[in-house]
Amino acid sequence: MAMSHTVEGLSPELRPLLDDYTTIREMFHDFKRGNAVMPHIIRHVCCRLALEESVLYPIEKRIDQTRGDHIQNELMKKHFPIYRLCQNMLDMNSEDDPEYVQLGNELETSVERHFEATERTLLPELDRLLNDEQKRQLVRAYYDAKKIAPHSPVALVRHLWLVGPDAREYEKLRDSLQHHYMTAASDQQRNVNQESSTS
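I will try to describe carefully the structure that is included in this document. Not measured: the values here are computed from a predicted model. (Residues numbered from 1 in each chain as written. Predicted model: local features only at pLDDT ≥ 70, side-chain atom pairs only at ≥ 80, totals over all residues. Heavy atoms only, no water.)

1. Focus: the overall build of the chain
Step number 1: Secondary structure assignment for the chain yields 7 helices and 0 strands.
Step number 2: Traced from its N-terminal end to its C-terminal end, the chain shows the element sequence α-α-α-α-α-α-α.
Step number 3: Here the chain holds 199 residues, and the buried ones make up 42% of them.
Step number 4: Accessible surface, the chain: about 11100 Å² in total, of which carbon and sulfur atoms supply 49%. (Helix = DSSP H or I, 4+ residues; strand = E, 2+ residues; numbered from the N terminus. Buried < 20%, exposed > 50% of the residue type's maximum accessible area, 1.4 Å probe, protein only. Areas by Shrake-Rupley, 256 points an atom, 1.4 Å probe, with all protein chains shown as cover.)

2. Points about the side chain of Lys135
Step number 1: Position of Lys135 relative to the elements: it lies in helix 6 (residues 132–146).
Step number 2: Residues within four places of Lys135 in sequence aside, it is in contact with Ser11, Glu13, Leu14, Leu126, Asp127 and Leu130. (Contact = heavy atoms within 4.5 Å.)

3. Details of the packing of helix 3 (residues 38–63) against helix 5 (residues 98–129)
Step number 1: One can describe the packing of helix 3 onto helix 5 by two numbers: an axis separation of 11 Å at closest approach and a directional angle of 25 degrees. Comparing the axis directions of helix 3 and helix 5 gives the class roughly parallel. Viewed along their axes, helix 3 and helix 5 form a crossing whose handedness is left-handed. Contacts from Met38, Pro39, Ile42, Val45, Arg48, Leu49, Glu52, Leu56, Tyr57, Ile59, Glu60 and Ile63 of helix 3 reach helix 5 at Tyr100, Gly104, Leu107, Val111, His114, Phe115, Thr118, Leu122, Glu125, Leu126 and Leu129.
Step number 2: Of the residues belonging to the contact of helix 3 with helix 5, the class tally is 16 nonpolar, 3 polar and 4 charged. (Axes fitted to C-alpha atoms, helices over the stretch in contact; angles between N-to-C directions. Parallel < 35°, antiparallel > 145°, perpendicular 65-115°, else oblique. Left-handed = near helix turned anticlockwise from the far one by under 90°. Nonpolar A, V, L, I, M, F, W, Y, C, P; charged D, E, K, R; others polar.)

Okay, structure coming up:
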């Protein structure tokens, strides 16, 4: 997919924030070619969204308070449906199920729309409002947070900005995704321990 003119003009200091988008887009492409598994893609998608919520959105809210309500709306409008699609796919038993493939296509579409919106709005705005040193600090904070993400990416989010009944459903969904990844990490460690004891 061609890079937007806005993203092409992004400063070098913020360009590392685009790396995850490139990786996830390539993963979806590989999935269609049979070279990637969807749970692995879902993990990366959830990690990226959680990092945006825990690192990028709070920065924008601090430097431009008037956009606070807008950020909350965007979070619900774009992240919540993606989390829900991820959970629905993780709950399914077979990747051969036609519905699973359909959900995968819906997930790719939703993720791509969100990426494009972020490339068009959030990143250029951060580029405009931050000086070069602040941009470098933001990227360092992003990658520091990313180090704790692999086993429980959704646990990164420390603040729930949404209010009302939808916020409760959103929090429940995040908890469910977090439980899935914590269980998967525990199972993986158990398998490693078993292999070590038999070797």
